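Structure at a glance
Residues per chain, in single letters:
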Amino acid sequence: MTAGRRPVVFLHIGAMKTGTTYLQQLMLQNQASLLEAGVVFPTGPGGWRLQVEAVRDVMGTLIGTPTAANRRAWASVHEQIFAHDGTSVLSMEFMSFCDRERAGKFVRRLEGADVRVILGLRDASRLVPAVWQEGARNYGVRPWPRFVAELTAAEPDRSTRAWKRFLRVQDAPRMLDAWLAHLPAEKVHVLTVPRPGAAPDLLWRRFADIVGIDAAAVAELPTPANESLGHASAELARRVNLAIGEDRTPLVHKASVSVMSKGVLAGRQRLEAPVRGDAAVREFGARWNAHVRDAVLRSGVSVSGDLDDLPVLPAPPPDDGPDVLSNPTVDEMLDAAAYAIVRLRRRVERRTQGAESQPKSVLAFLESVPTDPDWDPKAEWLRAKKPLAAAVGALAASVHAVADAPLSRP
């Protein structure tokens, strides 16, 4: 580090569902090019995961109990930032959960650096379905119509689960307040997510403009990372959550979220209809956008992009179907379940190959799912008295088997 110079650190705090994964993958894939442009994206042996672990150390009990591994991760990130004679970017959306106390803790932990914040914002009418399906992947049990009803009620009750979920991950005015308590407005930047149909690299170009580098410094643009579930898969995941019930150990949670939903059902996204809102969702989105835009303008922070990306007038109704909330059909959910169960069996087989012994849950699951390539799980479930319940039960058993499977192989 050049004597007398302070490192510049951009904390890209989210919010969730605002292109964070895309930007993180882009920076990870282009670390060398970014470094040539003067920007460090701290990583360790696990890649970007180092930033996740480091952020957990500072966030503390807000998202769990910090461990020695978290402390080591923060020390590594801190060392990389302060060893670099230039700019660093720390990108982890958990930071959007910060209250004033935690935001101040980040600023103090980076004492001696020029700390700046980037907050992504997205049209709320597109956020509402995304927040619900993300909840369905994370032990959420609220049905889509009920979630919408709670969020869009004429006299909203912000103590409902839908509101608590939405505010935790998308309350931009609270997020701005938390960080502006410790940083001047000129060091807090808003990044708007472009509307559908924009150039694929526009979000990156806006981000690069904030960081102060030429967007062309990175040559490898990742495929836009959209890990959202289709409606049938999201509703199926929600029902599996109900079947699992209170057995929410960390291993079961990881298996349910990372394996069944993210690792398997996300592969069906292009085969399924998306989660769609109705007029109430679009009207709520317009009202929330106006609320967020007002907070941004009052705060005096800079904007990269256009606040018109957060429209304050509801979008017109769709022209390709009825403007109503709907649930996927049983047939659609059985198709998703059949897709998942076969792939989950392969996952369990890989994890247990070579193990000397296997838990009963693993043995029972492997016995219940034939290896015959002609086996048709959907046809088998349709012979049951309650086909969907049979499919959900099989997937719940698969989640336990994945959680219990000995990690003899990755």
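1. A short note on helix H7 (residues 144-152)
An α-helical turn contains 3.6 residues, so a residue and the one three or four places further along point in the same direction. Within H7, burial applies to Trp144, Phe147, Val148, Glu150, Leu151 and Thr152. If you follow the buried residues of H7, they end up packed against helix H6 (124-137), helix H8 (161-170), helix H11 (231-244) and helix H13 (279-299).

2. Let's talk about the side chain of Ser96
By secondary structure assignment, the location of Ser96 is in the loop between strand E3 (87-91) and helix H5 (100-109). Exposure remark for Ser96: the relative accessible area of 1% places this residue in the buried category. When near neighbours in sequence (up to four residues on either side) are disregarded, Ser96 contacts Ile13, Ala15, Arg174 and Met175.

3. Topic: unusual backbone geometry
The omega torsion of the bond from Gly14 to Ala15 falls at 0 degrees, within 30 degrees of zero and hence cis. Checked against the element boundaries, Ala15 lands in the loop between strand E1 (8-12) and helix H1 (20-29). Residues other than glycine seldom take positive phi values, yet Lys17 does so here, at roughly 65 degrees. By the element assignment, Lys17 lies in the loop between E1 and H1. Look at Tyr139: it is not a glycine, yet its phi comes out positive at around 65 degrees. Within the fold, Tyr139 resides in the loop between H6 and H7. Note on Tyr139: relative accessible area 7%, which makes it buried.

Cut-offs used in this document
- Residue numbers here run from 1 along each chain, matching the order of that chain's written sequence.
- Per-residue local features are limited, in this predicted model, to residues with pLDDT of at least 70; the limit for side-chain atom pairs, both in listing and counting, is 80 or more; totals at the level of whole chains, interfaces and linings are taken over all residues.
- The basis for every side-chain value is the complete set of non-hydrogen atoms in the structure, without hydrogens or water.
- Summary of the burial criterion: residues with accessible area below 20% of their type's maximum are buried, those above 50% are exposed, and those between are partly exposed, where the area comes from a 1.4 Å probe applied to protein chains only.
- Here a strand is any run of E in DSSP of at least two residues, a helix any run of H or I of at least four, and the numbering for each starts at the N terminus.
- Contacts are assigned to residue pairs with any non-hydrogen atoms lying within 4.5 Å of each other.

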